Amino acid sequence: MRILLLGGTSEARTLAARLRPGIEVISSLAGRVPDPALPVGEVRIGGFGGADGLRKWLLDRPVDAVVDATHPYAATMTATATAVCAELGVPHLVLARPAWPPGDATVVRDDAEAAKTIAAQGHQRVFLTTGRSGAAAFKDVDAWFLIRAVTPPDAADLPSRHQVVLSRGPYRYDDELALLREHRIDALVTKNSGGTMTRPKLDAAAELGVAVVMVDRPPLPAGVRTVASVDAAVDWVTDTTR
Ligand code: NAP
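Below is a short write-up of the structure. (Residues numbered from 1 in each chain as written. Predicted model: local features only at pLDDT ≥ 70, side-chain atom pairs only at ≥ 80, totals over all residues. Heavy atoms only, no water.)

## Side note on the packing of aromatic side chains
So, step 1. The tally for this structure, following the rule as stated, stands at 2 aromatic pairs.
So, step 2. Pairing phenylalanine 48 with tryptophan 57 gives two aromatic rings, centres 5.9 Å apart and planes at 75 degrees, and the pair type is edge-to-face. Per residue, the accessibility class of phenylalanine 48 equals that of tryptophan 57, and both read buried.
So, step 3. When the ring of phenylalanine 138 is compared with that of phenylalanine 145, the centres are 5.6 Å apart and the planes differ by 65 degrees; the resulting orientation is edge-to-face. Phenylalanine 145 shares its class with phenylalanine 138; the two are buried.
So, step 4. Stacked on the ring of tryptophan 144, the Lys or Arg arginine 125 has its end atom at 4.2 Å from the ring centre.
So, step 5. When the ring centre of tyrosine 171 is taken as origin, the NZ or CZ atom of arginine 148, which lies over that ring, is 3.6 Å away. (Phe/Tyr/Trp six-rings, centres within 6.5 Å; stacked < 30°, edge-to-face > 60°. Buried < 20%, exposed > 50% of the residue type's maximum accessible area, 1.4 Å probe, protein only. Lys NZ or Arg CZ within 6 Å of the ring centre and 35° of its normal.)

In C-alpha cells, the structure reads:
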C-alpha cells in the first residue's frame, strides 16, 4: 500500500511517521525553504508542473490514496490535487488543522484588504507575519513594518520603512511579547495558520492590546473530504488502503 502525502507541515511529518511501517509514504514538498524539516521515508521536492504534471506523476507511480496536508494557504496545490484525484479516481483527503478563533481580530479576505485595513485604522508600527510573498501588498502603506519571514522577501516589493527578521517557528510567548514591546508594535498582521507553533504572537498581542488583522483562509474546493487531525487522517488512510 502506498500513498502520496503532500506535505510541508508538522502534521504531514507526524502522519508520515505514524503510517510506517505498514504503508509506504512518498512525501512531497514544494521546495520553498532551504533546509526543510524532512519527514521519514521517501521525499520528493519541487512542484509537479501543474495539473498535467501531477496527472503524469500519478500515472507513472500509482498510489492507493493522496493525502493533502499542505499549509492551509496552499490553495493552488490543494485545488490541483483535488481536481486530478477526482479525474483519475484516486481516493483523496485534505488534512487541515483547525483555524484559530479570530477573537477581536479584523478578519480580511486577502493581503490587499489587510493593507487597506492597516492604512484605514491608522496603525504606525506593524508586525507583518504573512510571509515573503505577502509583504508586497503593503508597499504603499505609510507605516513602519517589522517583516518576519522564513526566506528573504524581494527588496523591491517592500514598504520603504521596514526591518526584516528571518526566522522560522516555533515561537515562544515570552519572546513574542519582548519583540512586540521592543519595536512598539501597534498592529499585527497574520494568516489564520492554526496550530500551536505560531500561536504565541496572538496571545502576546492580546496581552499588550495590539490590534490584529487576520487574513482569512482560502476556501477549500467544494465537496472535498476533510479531516482536522492526524489521528483522523491515520484512520482514513487505514480504512482506504485496507
Ligand atoms: P500554493 O500556492 O498552493 O502552490 C504553488 C505551487 O507550488 C503549486 O502549484 C505546486 O507547483 C507547488 N507546491 C505547493 N505545495 C507543494 C507540495 N507539497 N509538493 C509539490 N509541489 C507543491 O502553495 P505555496 O506556494 O506552498 O504556498 C502558498 C501560501 O501558503 C503562501 O502564502 C505561503 O506563504 C503559505 N505557506 C505558509 C507556510 C507557513 O506559514 N509555514 C508554509 C507553506 C506555505 P506545481 O503546480 O508545479 O505542482
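Next comes the rest of the account.
## With respect to the site of the ligand
So, step 1. Looking at the ligand, there are 20 residues lining it, with Ser28, Arg32, Phe48, Met77 and Lys191 nearest.
So, step 2. A distance of 3.3 Å is found between an oxygen atom of the ligand and a side-chain nitrogen or oxygen belonging to histidine 71.
So, step 3. Lysine 191 places a side-chain nitrogen or oxygen 2.8 Å from an oxygen atom of the ligand.
So, step 4. For the shell around the ligand, the elements supplying multiple residues, two or more each, are strand S2 (24–29) and helix H3 (75–88).
So, step 5. Ranked by residue count, the leading element in the shell around the ligand is H3, at 3 residues. (Near = heavy atom within 4 Å. Polar contact = N/O pair within 3.5 Å; in protein donor to acceptor, adjacent residues only side chain to side chain. Helix = DSSP H or I, 4+ residues; strand = E, 2+ residues; numbered from the N terminus.)

## Remarks on the packing of helix H5 (residues 173–182) against helix H6 (residues 200–208)
So, step 1. At a closest axis distance of 8 Å, the pairing of H5 and H6 adopts a crossing angle of 50 degrees. By the angle between their directions, the pair H5 and H6 is classed as oblique. Here H5 runs over H6; the crossing is right-handed. Packed against H5, whose contacting residues are Tyr173, Glu176, Leu177, Leu180 and Arg181, the element H6 presents Pro200, Lys201, Asp203, Ala204, Ala205, Glu207 and Leu208 at the interface.
So, step 2. Its residues assigned to classes, the contact of H5 with H6 shows 7 nonpolar, no polar and 5 charged. (Axes fitted to C-alpha atoms, helices over the stretch in contact; angles between N-to-C directions. Parallel < 35°, antiparallel > 145°, perpendicular 65-115°, else oblique. Left-handed = near helix turned anticlockwise from the far one by under 90°. Contact = heavy atoms within 4.5 Å. Nonpolar A, V, L, I, M, F, W, Y, C, P; charged D, E, K, R; others polar.)

Note that every value here comes from positions in space, so none of it alone points to a role or purpose.
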